[in-house]
Amino acid sequence: MKIACYLPEIIFTNSDFEREFPDWNASKIEEKVGIRQRHLSAKGETALDMAFQASERVLDGEDKGTVDFILLCTQSPDYFLPTSACILQEKLGLSNKTGALDYNLGCSGFIYGLALAKGLLAAGIATRILLIMSETYSKHLHPADRANRSIFGDGAAAILLDINDLPHIGSFELGTDGSGKNNLIVEAGAMRKPCVSESVAIANEDGTFHSPNHLYMNGPEIFNFTIESVPGLVSSVLQKNNLSLEEIDYVIFHQANKYMLEYLRKKIRIPAEKYYNNMLMTGNTVSATIPIAMVESLEQGKIKPGSKLLLVGFGVGYSWGAVVITW
Amino acid sequence: MKKEEFLRLLKEALEFQDIDLQTATDLRKIEAYDSMAVMAVIAFVDENFSKRLTAKQLAAISTVGDLMELIGMENFSG
C-alpha cells in the first residue's frame, strides 16, 4: 500500500478569520477545535483536479499500465455526469481497460474505499487499484458560515493497493443510519430541491449560517451520533479481528475536531500515545483525513512495517466504518 | 451531585472562567455559548450523568436551572 496527499496551495489561517470577522475571537479556534490553518481549493480548482495531483504523486515511479481500477470518493464532483473517475482515467493516461467509478461518501469514505478495494481484489476483478479521496467542502460553505469554514479544509489523498495488500486488510465493521440525513446536508442543488436563486444566509440556532445551497451541520447532534456509535463500532471491529485494544499499535479516527476526538479517546480508553489527534495544519478534510494522518504518522515513525492500525471513519449519512490493517 | 459541585464542574467544562455561573444564569446571553459550548454540555452530561441530551432539547432551554431540570432534579442535592 502506497499513499500520497495533495493539499491545495491557498492557506487560510485563524488570523485571516480575525481580519475578516473583527468581532470574532478567532484565536480560540486553535484551542477549541485544534486547527490553526486549512488549505482551500482555488476558484476553478476542483476535487477532480486535486485527485489528479494526488494520483500523480502516488503513481510517481510506478508503471501506470498496471492500474486496472479507479475508485474516487468525493461529495464535490465536477459534474452530475460524467463520473469524475472516468475523466481522471483519461487525465492520468491510464489504460482503457481500467474500471472506474465515483462513490459519494464523506467522513466514512476511506474505510468504505478500502472495503470496496478488498472486495474487488479478493474477487479477482482488479489487481491494482487507485483509491482516491478528494474533497472541497469549502465550496459547499456559505461565506458567512465562519464556524464551519474554520473546521473544514480541502484536501486529497491517493492510495495504491494491489493483490499483495490483501492479507494486510483485516475485517470490516460498517454501518448506516439514514435518519441522520438532515443533520449534515447540502439541501439544494440536486434533484430533490433545485438551487435557490438567492442564497441569503440563514442564522442557525447555534450561531452558524447556511442557505439551502450550502452545507448545514448540526454539530451537537453529530457529536451525539459519534458518542453513540463510535465506542460500539470500535469494540465490534476489534472482536471481528480477534484483537484487543492493547494489541493495536496505532489508532487513527476520522479527524473531525480535536475536542470530539479527545472525548471519544477518553470514553473508549485509548492511550493518548497511540492515538492520532492532529488537524492543526489541514483542518477537517472529510474523507481524506485518515490517509493524510497516515502519511504524517509514517513520516513521524508512528507507523512501522508490521504495525497494526485501527482505522475508524464516521459522519455524514450517517455512515460509519472501521477496519484493522497491518502496515 | 451537590449543586455547587455541578456549577463548578459545568463552569470548568465550558471554560467560562470569567463568568459567574448560577442556576438563574441565562446561557443564551453568554456570547461564548456557541455550538462548541453546546457540544461541551453534551459531553459533560454524558460523562457525569450517563445521559444523552439532544441538540433540540438544548436549543429549547435558556438557564442553567433549565439544564438541571433536563438532567433530572433527582440527580442534585443542596
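Residues numbered from 1 in each chain as written. Chains lettered and ligands numbered in written order. Predicted model: local features only at pLDDT ≥ 70, side-chain atom pairs only at ≥ 80, totals over all residues. Heavy atoms only, no water.

Colleague: Would you take a moment to explain the overall build of chain B for this structure?
Modeller: If you tally the helices and strands in chain B, you get four helices and zero strands. Mapped from its N terminus to its C terminus, chain B presents α and β elements in the order α-α-α-α. Relative to its length of 78 residues, chain B is compact, with a C-alpha radius of gyration of 11 Å against a globular reference of 12 Å. Relative to its 78 residues, chain B shows a buried fraction of 46%. For chain B, restricting intrachain contacts to residue pairs at least 6 apart in sequence, the fraction spanning at least 24 positions comes to 59%. Carbon and sulfur atoms make up 47% of the accessible area of chain B, which amounts to about 4,100 Å² in all. (Helix = DSSP H or I, 4+ residues; strand = E, 2+ residues; numbered from the N terminus. Rg over C-alpha atoms; globule rule 2.2 N^0.38 Å. Buried < 20%, exposed > 50% of the residue type's maximum accessible area, 1.4 Å probe, protein only. Contact = heavy atoms within 4.5 Å. Areas by Shrake-Rupley, 256 points an atom, 1.4 Å probe, with all protein chains shown as cover.)

Colleague: Got a minute to help me understand unusual backbone geometry in this structure?
Modeller: A negative phi holds for most residues other than glycine; trans holds for most peptide bonds. Residue and element names in this part refer to chain A. Each neighbour pair has its own omega, and for Leu81 with Pro82 the value is 0°, a cis peptide bond. Looking at the element boundaries, Pro82 is found in the loop between strand E4 (69-73) and helix H4 (84-92). A cis amide bond links Gly317 to the next residue, Tyr318, at an omega of -10°. When you line up the elements, Tyr318 lands in the loop between strand E15 (308-315) and strand E16 (319-326). Positive phi, normally seen in glycine, also occurs at Asn242, with a value near 55°.

Colleague: Before we go on, may I ask you to explain the domain arrangement of chain A in this structure?
Modeller: Residue and element names in this part refer to chain A. Along its sequence, chain A is carved into domain 1 (2-166) and domain 2 (171-326). Taken together, the contact between domain 1 and domain 2 spans 46 residues of the former and 51 residues of the latter. In this assembly, domain 1 packs against domain 2 so that about 3,800 Å² is buried in total across both faces, 70% of it on carbon and sulfur atoms. Sorting the residues of domain 1 by area buried against domain 2 places Cys107, Ile111 and His142 first, and these three jointly supply 18% of that buried surface. Where domain 1 touches domain 2, the interface holds zero salt bridges. Run the count over domain 1 and domain 2 and you get 12 residue pairs in polar contact (both at pLDDT 80 or more). Those elements that place two or more of their residues in the side of domain 1 that touches domain 2 are strand E1 (2-6), helix H2 (28-33), strand E3 (37-40), helix H5 (109-122), strand E6 (128-135), helix H6 (146-151) and strand E7 (155-162). For the side of domain 1 that touches domain 2, the element with the highest residue contribution is H5, accounting for seven residues. Broken down by class, the residue content of the side of domain 1 that touches domain 2 amounts to 24 nonpolar, 13 polar and nine charged. (Domains from an automatic or database assignment. Buried area = accessible area lost by both parts, 1.4 Å probe. Salt bridge = Lys/Arg side-chain N within 4 Å of Asp/Glu carboxyl O. Polar contact = N/O pair within 3.5 Å; in protein donor to acceptor, adjacent residues only side chain to side chain. Nonpolar A, V, L, I, M, F, W, Y, C, P; charged D, E, K, R; others polar.)

Colleague: Can you help me understand the sheet that holds E4(A) in this one?
Modeller: Sheets are built from strands paired through backbone hydrogen bonds, the pairs being either parallel or antiparallel. All names here are of chain A. Strands sit in the order E1-E7-E6-E4-E5 across an open sheet of five strands; the sheet is mixed. Two strands close off the open sheet at either side, each with one partner strand: E1 and strand E5 (99-103). Here the average twist between neighbouring strands, direction ignored, is 15°. Inspection of the sheet shows E6 paired to E7 by eight bridges, in the antiparallel sense. (Pairing = 2+ DSSP bridges. Axes fitted to C-alpha atoms, helices over the stretch in contact; angles between N-to-C directions.)

Colleague: Would you explain the pattern of salt bridges in this entry?
Modeller: When the charged atoms of two side chains lie near each other, side chains of opposite charge can form a pair. Residues and elements named next belong to chain A. For the structure shown, the criterion picks out 19 salt bridges over all chains. Close ionic contact of Lys2 with Glu62 constitutes a salt bridge, the shortest N to O distance being 2.9 Å. Taken as a pair, Lys2 in strand E1 and Glu62 in the loop between helix H3 (47-59) and E4 lie far apart in primary sequence, 60 residues in all. We classify Lys2 as partly exposed; its relative accessible area is 28%. Among the charged side chains, a network of salt bridges with common partners joins Lys2, Glu62, Arg128 and Asp162.

Colleague: Looking at this model, I keep getting lost on the pairing of E7(A). Mind explaining?
Modeller: Each regular strand carries side chains that alternate between the two faces of the sheet. All names here are of chain A. Most of E7 is tucked away, with seven of its eight residues classed as buried. Relative to E7, E1 is paired through five bridges, and the arrangement is antiparallel. Across the sheet, Ala4 pairs through a bridge with Ala158, a residue of E7.

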